[in-house]
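# Summary of the model geometry
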Amino acid sequence: MIAITRHATPITVTEGEAVLQLVSENVTSLSMTRPPVNHPFFSAYKLALVHEVRAYLSRPSPSFIEIITAASADGEIIGFLLYGLSDSAVVECSIYYTAVDKRFRGQGLMSLMMRELLRKYPISSLSCNVELVPVYERFGYKPISVRDTHIVMVIGDPKEVTSVLDTSSFMSESPILAERAAASARAGDHAVKRANKILKKDLDARKTRAKQFLKARG
């Protein structure tokens, strides 16, 4: 039996650590940069993403952040959907992150969490990679614009501004800078430059693909 629960944040330490474990296991899909696991700075990207999600989960009340979790019969959190709310009474939200444990994919967990979200917030927005557009279209989302490498999708007509952190700041935090320095020392400057060049090429290609995709949709 899967338990779907909607939480206001901040959530408990135990719940937060379970969510952050899922984040660390899904960096390549949750990060807009999508660094490959063989990139010398992958560990730094992962650390920054975990710090970012932790910051959302631990914001003091009223945080205007909520999270829906999916838990297995034994209480293990095996999926989550993190989203922001506006500070008005409008029933809309913006989805930031969502992930399902690899062991439990294909069992309808995402559908259960999405139904819970849309029951409470019928007006919603998100951004996703091009290949995920058909997934969200099944829930009623429609593509409307491009955000870097992502397609922005909506249900209804979202108008409110939700609480979004400045994600660029996390890469400048001391633990992430230290991890980057250590990774650079291990890999060497040449390997880092080569990996960054490949990553930039991939980012540019995904940006172009997103624009072409939306243009083809008319």
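See the structure above.
Residues numbered from 1 in each chain as written. Predicted model: local features only at pLDDT ≥ 70, side-chain atom pairs only at ≥ 80, totals over all residues. Heavy atoms only, no water.

How two aromatic rings sit relative to each other is given by the distance of their centres and the angle of their planes. Scanning all chains against the criterion turns up four aromatic pairs. With 6.1 Å between their ring centres and 80° between their planes, Tyr-136 and Tyr-141 make a pair best called edge-to-face. Its relative accessible area of 2% is what places Tyr-141 among the buried residues. By way of ring pairs, the aromatic residues Tyr-136, Phe-139 and Tyr-141 are connected into one cluster. (Phe/Tyr/Trp six-rings, centres within 6.5 Å; stacked < 30°, edge-to-face > 60°. Buried < 20%, exposed > 50% of the residue type's maximum accessible area, 1.4 Å probe, protein only.)

Let's shift gears to the layout of surface pockets. Of the volumes computed, that of the largest pocket is approximately 1,400 Å³. Mapped onto the lining of the largest pocket, the elements with two or more residues apiece are helix H2 (27-30), helix H3 (42-57), strand E4 (92-100), helix H4 (109-120), strand E5 (123-128), helix H5 (133-137), strand E7 (150-155) and helix H7 (189-217). With seven residues, E4 is the single largest residue contributor to the lining of the largest pocket. Tallied by class, residues from the lining of the largest pocket come to 25 nonpolar, 17 polar and eight charged. (1 Å grid on protein atoms, 1.4 Å probe; cavity = no way out; pocket = protein on both sides within 12 Å on 5 of 7 lines; lining within 4 Å. Points joined across faces, edges and corners; volume = space filled by probe spheres on them. Helix = DSSP H or I, 4+ residues; strand = E, 2+ residues; numbered from the N terminus. Nonpolar A, V, L, I, M, F, W, Y, C, P; charged D, E, K, R; others polar.)

Here we come to the nonpolar core. Leu-81, Tyr-83, Ile-95, Leu-117, Tyr-141 and Met-153 are the most contacted members of the largest nonpolar core, which has 28 residues in total. Of all the elements in the fold, those that place two or more residues in this core are strand E2 (65-71), strand E3 (77-85), E4, H4, E5, H5, E7 and H7. A total of five residues in this core trace back to one element, the largest contributor, which is H4. Every residue in contact with Ile-95, bar those within four places of it in the chain, is listed here: Leu-81, Leu-82, Tyr-83, Met-114, Leu-117, Ser-124, Ser-125, Leu-126 and Tyr-141. (Core = buried A, V, L, I, M, F, W, Y, C linked by side-chain atoms within 4.5 Å. Contact = heavy atoms within 4.5 Å.)

What follows is about the pairing of E7. Within E7, six of the six residues are buried, which leaves it mostly tucked inside the rest of the structure. What you see with E7 is no split at all: His-150, Val-152 and Val-154 on one side and Ile-151, Met-153 and Ile-155 on the other are buried throughout. In the sheet, E5 pairs with E7 via five bridges, with the strands oriented antiparallel. Paired with Ser-127 across the two strands is Val-152, which belongs to E7. With antiparallel pairing between neighbouring strands as the criterion, strand E6 (residues 142-147) and E7 make up a hairpin whose turn holds two residues, including Asp-148 at a positive phi of roughly 55°. (Pairing = 2+ DSSP bridges.)

Let us now look at the environment of Met-114. When you line up the elements, Met-114 lands in helix H4. The exposure class of Met-114 is buried, given its relative accessible area of 1%. Along the sequence, Met-114 and Thr-28 sit 86 residues apart, while their C-alpha atoms lie 22 Å from each other. Aside from chain neighbours lying at most four places away, what touches Met-114 is Leu-81, Ile-95, Phe-139 and Tyr-141.

Take the state of the cysteines next. Tallied over the full model, the rule gives zero disulfides. Its sulfur unpaired, Cys-93 is 14 Å from the next cysteine sulfur, which belongs to Cys-128. (Disulfide = S-S within 2.5 Å.)

Purely geometric numbers; function is a separate question.
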